Amino acid sequence: MRIAVLGNGGFGTAMAMTALRAGNEVRLWGHDPKYTAELASSRQNPRYLPGLEIPGEILISADAGEVCSDVDAVLIAVPTQHIRAVLESIAADLPAGKPLVSMAKGLEQQTGMRPSQVISECIQEDRPVLVLCGPSHAEEIARGMPATLVLAGGSDAALSELQEALSASSFRIYRNSDSLGVELCGALKNVMSLAAGIAEGLGLGDNAKAATMSRGLIEMSRYGLAEGAQLQTFFGLAGVGDLAVTTFSPHGRNRAFGERIGRGETLDEILESTPKVAEGVWTSR
């Protein structure tokens with residue numbers, strides 16, 4: 001397939017590299033023309049994935065028309081709070097009728113909408129809007145380390161086609177019909193990871209961190225059931241899987257953010273010190 005990836009942060013870049021390994025033609029778009037041009041010329045992403053080379057076969061451009069022209073699917077790796085603005089600015093460049101795949105994990109601050117809902121509202125067109133989620137740190141995926149994610153939403157045909165196109169030797173995708181639950185898992189696990197990080201920053205020990213994670217998972221599932229999601233989704237890859245990797249991994253942005261809060265830094269100090277987005281900060285509100 002020809003695949004466009006919107007967002008040249010860590011996860012967008014990693015997924016572009018993964019899609020290329022799976023045998024697809026891949027194009028990567030970034031909103032910042034200057035930084036995107038640097039990526040295209042240096043084949044490095046020092047801000048988000050330092051030390052890794054981006055293969056020359058991946059087209060990198062800030063021209064959405066060039067990136068999205070005649071593609072078979074668009075993967076959206078834009079932070080949740082910026083999805084609406086990005087899609088509204090490039091709506092005319094999106095290929096008609098082709099699947100859009102949200103890879104964001106959060107809830108829109110102003111509306112409480114899930115990323116797929118924001119995407120559907122922006123495009124106002126009947127087309128598949130899918131969700132790709134699960135334990136997936138960009139730092140590992142970009143290096144080709146094993147990862148398993150969940151693809152949800154849309155028809156069985158759309159899911160199967162993308163599942164096959166994106167799967168590689170070290171990258172496995174499961175299908176799931178519960179896109180609501182998958183998206184809620186991706187959003188809520190970040191809040192629980194913030195809490196676990198705060199416990200770690202306070203020096204409360206592994207027992208407290210494990211309790212925060214396990215009781216947090218129960219809270220997540222109760223929230224999901226109240227919204228109409230399926231219970232089993234929260235005990236699969238999108239739920240307990242993503243919660244575990246976010247809570248314990250050194251790559252976990254939300255855990256690291258919470259740890260700094262626990263050590264006494266203010267929210268503003270942490271936000272100003274890093275370009276990386278910790279979605280749980282906004283979701284917690």
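Structural data are supplied above this passage.
Reading guide: rules and limits
- Residues numbered from 1 in each chain as written.
- Predicted model: local features only at pLDDT ≥ 70, side-chain atom pairs only at ≥ 80, totals over all residues.
- Heavy atoms only, no water.
- Pairing = 2+ DSSP bridges.
- Helix = DSSP H or I, 4+ residues; strand = E, 2+ residues; numbered from the N terminus.
- Axes fitted to C-alpha atoms, helices over the stretch in contact; angles between N-to-C directions.
- Contact = heavy atoms within 4.5 Å.
- Patch = residues over 30% accessible without salt bridge, like charges linked within 9 Å, V, L, I, M, F, W, Y side chains within 5 Å.
- Areas by Shrake-Rupley, 256 points an atom, 1.4 Å probe, with all protein chains shown as cover.
- Salt bridge = Lys/Arg side-chain N within 4 Å of Asp/Glu carboxyl O.
- Buried < 20%, exposed > 50% of the residue type's maximum accessible area, 1.4 Å probe, protein only.
- Parallel < 35°, antiparallel > 145°, perpendicular 65-115°, else oblique.
- Left-handed = near helix turned anticlockwise from the far one by under 90°.
- Disulfide = S-S within 2.5 Å.
- Arc of directions from axis to C-beta.
- Nonpolar A, V, L, I, M, F, W, Y, C, P; charged D, E, K, R; others polar.
- Polar contact = N/O pair within 3.5 Å; in protein donor to acceptor, adjacent residues only side chain to side chain.
- Right-handed = clockwise from strand over helix to strand, strands pointing away.

S.K.: Now, about the sheet that holds strand E9 (residues 147-152): what can you tell me, with residues and values included?
M.R.: Strand order in the open sheet made by the 8 strands is E5-E2-E1-E6-E7-E8-E9-E10, with mixed pairing throughout. Across the chains shown, the open sheet's two edge strands, defined by having one partner strand only, are strand E5 (59-61) and strand E10 (171-176). The sheet shows a mean angle of 25° between the axes of neighbouring strands, direction not considered. Bridge analysis of strand E8 (residues 129-133) against E9 gives 3 bridges, and the strand direction is antiparallel. Its bridge partner being in E9, Leu132 is matched across the sheet by Leu151. Against the sheet, helix H7 (residues 156-166) makes contact with strand E1 (2-6), strand E6 (73-76), strand E7 (100-102), E8, E9 and E10, and its axis sits at roughly 170° relative to E10, the strand it touches most. Helix H10 (residues 237-248) rests against E8, E9 and E10 of the sheet, and its axis sits at about 145° to E9.

S.K.: Mind laying out a nonpolar patch on the surface, listing which residues take part and the relevant values?
M.R.: On the surface, a nonpolar cluster with roughly 270 Å² of combined accessible area is contributed by Leu225, Leu231 and Phe235. Topologically, Leu231 is positioned in the loop between helix H9 (206-227) and H10.

S.K.: Describe unusual backbone geometry, with residues and values.
M.R.: With a phi angle near 60°, Arg43 is a residue other than glycine that sits in the positive phi range. When you line up the elements, Arg43 lands in the loop between helix H2 (33-42) and strand E3 (44-45). Overall, Arg43 belongs to the buried group, its relative accessible area being 15%. Even without being glycine, Asp70 reaches a positive phi, approximately 60°. Checked against the element boundaries, Asp70 lands in the loop between helix H3 (64-68) and E6. Overall, Asp70 belongs to the exposed group, its relative accessible area being 54%.

S.K.: How would you explain the packing of helix H8 (residues 179-201) against H10 if you had to name every residue and give the values?
M.R.: Geometry of a packed helix pair, given as the angle between the helix axes and the separation of the axes. At a minimum axis distance of 9 Å, the contact between H8 and H10 shows a crossing angle of 30°. Accordingly, the angle class assigned to the pair H8 and H10 is roughly parallel. Relative to H10, the crossing made by H8 is right-handed. In this structure, H8 contributes Val182, Cys185, Gly186, Lys189, Asn190, Met192, Ser193 and Ala196 to the contact, and H10 contributes Ala238, Gly239, Asp242, Leu243, Thr246 and Thr247.

S.K.: How would you summarise the state of the cysteines if you had to cite specific residues and measurements?
M.R.: By the definition in use, this model includes 0 disulfides. Cys68 carries a free sulfur, and the closest cysteine sulfur to it, the one in Cys122, is 14 Å from it. In this structure Cys185 is not part of a disulfide, and its nearest cysteine sulfur, from Cys133, lies 7.4 Å away.

S.K.: Just give me the short version of helix H4 (residues 83-90), but keep the residues and values in it.
M.R.: Taken residue by residue, H4 has Ile83, Arg84, Val86, Leu87 and Ile90 as its buried positions. Angular distribution of buried residues about the axis of H4 spans 165°; they occupy a single face of the element. In H4, the exposed residues that point more than 90 degrees away from the buried face are Ala85, Glu88 and Ser89.

S.K.: Account for the packing of H8 against helix H11 (residues 253-262), with residues named and values stated.
M.R.: The interhelical angle for the contact between H8 and H11, taken along N-to-C directions, is 40°, at an axis separation of 6 Å. Here H11 runs oblique to H8, going by the angle between their axes. When the axes of H8 and H11 are compared, the crossing they make is right-handed. From H8, Asn190, Ser193, Leu194, Gly197, Ile198, Glu200 and Gly201 reach across to H11, where they touch Asn254, Arg255, Phe257, Gly258, Glu259, Ile261 and Gly262. Tallied by class, the residues present in the contact of H8 with H11 amount to 4 nonpolar, 7 polar and 3 charged.

S.K.: Could you give me a rundown of the side chain of Ser61, with the residues and numbers involved?
M.R.: On the secondary structure map, Ser61 appears in strand E5. We classify Ser61 as buried; its relative accessible area is 9%. Of note is the side chain of Ser61, whose polar atom sits 2.8 Å from the side chain of Glu66.

S.K.: Account for the environment of Gly12, with residues named and values stated.
M.R.: Relative to the elements of secondary structure, Gly12 occurs in helix H1 (residues 10-21). Sequence separation between Gly12 and Leu28 is 16 residues; the distance between their C-alpha atoms is 7.7 Å. Contacts of Gly12, omitting those with residues within four sequence positions, involve Val5, Gly7, Leu28 and Ala77.

S.K.: Which residues make up the pairing of E9, and what values go with them?
M.R.: Of all 6 residues that make up E9, 5 are buried, and the element is covered over most of its length. Regarding the hand of the β-α-β motif, the stretch spanning E9, H7 and E10 is right-handed.

S.K.: Describe in detail the environment of Lys105, supporting the description with residues and values.
M.R.: Relative to the elements of secondary structure, Lys105 occurs in the loop between E7 and helix H5 (115-123). What makes Lys105 buried here is its relative accessible area of 13%. Remark: the alpha-carbon pair of Lys105 and Pro95, spanning 10 residues in sequence, is separated by 24 Å. Of note is the side chain of Lys105, whose polar atom sits 3.4 Å from the side chain of Ser136.

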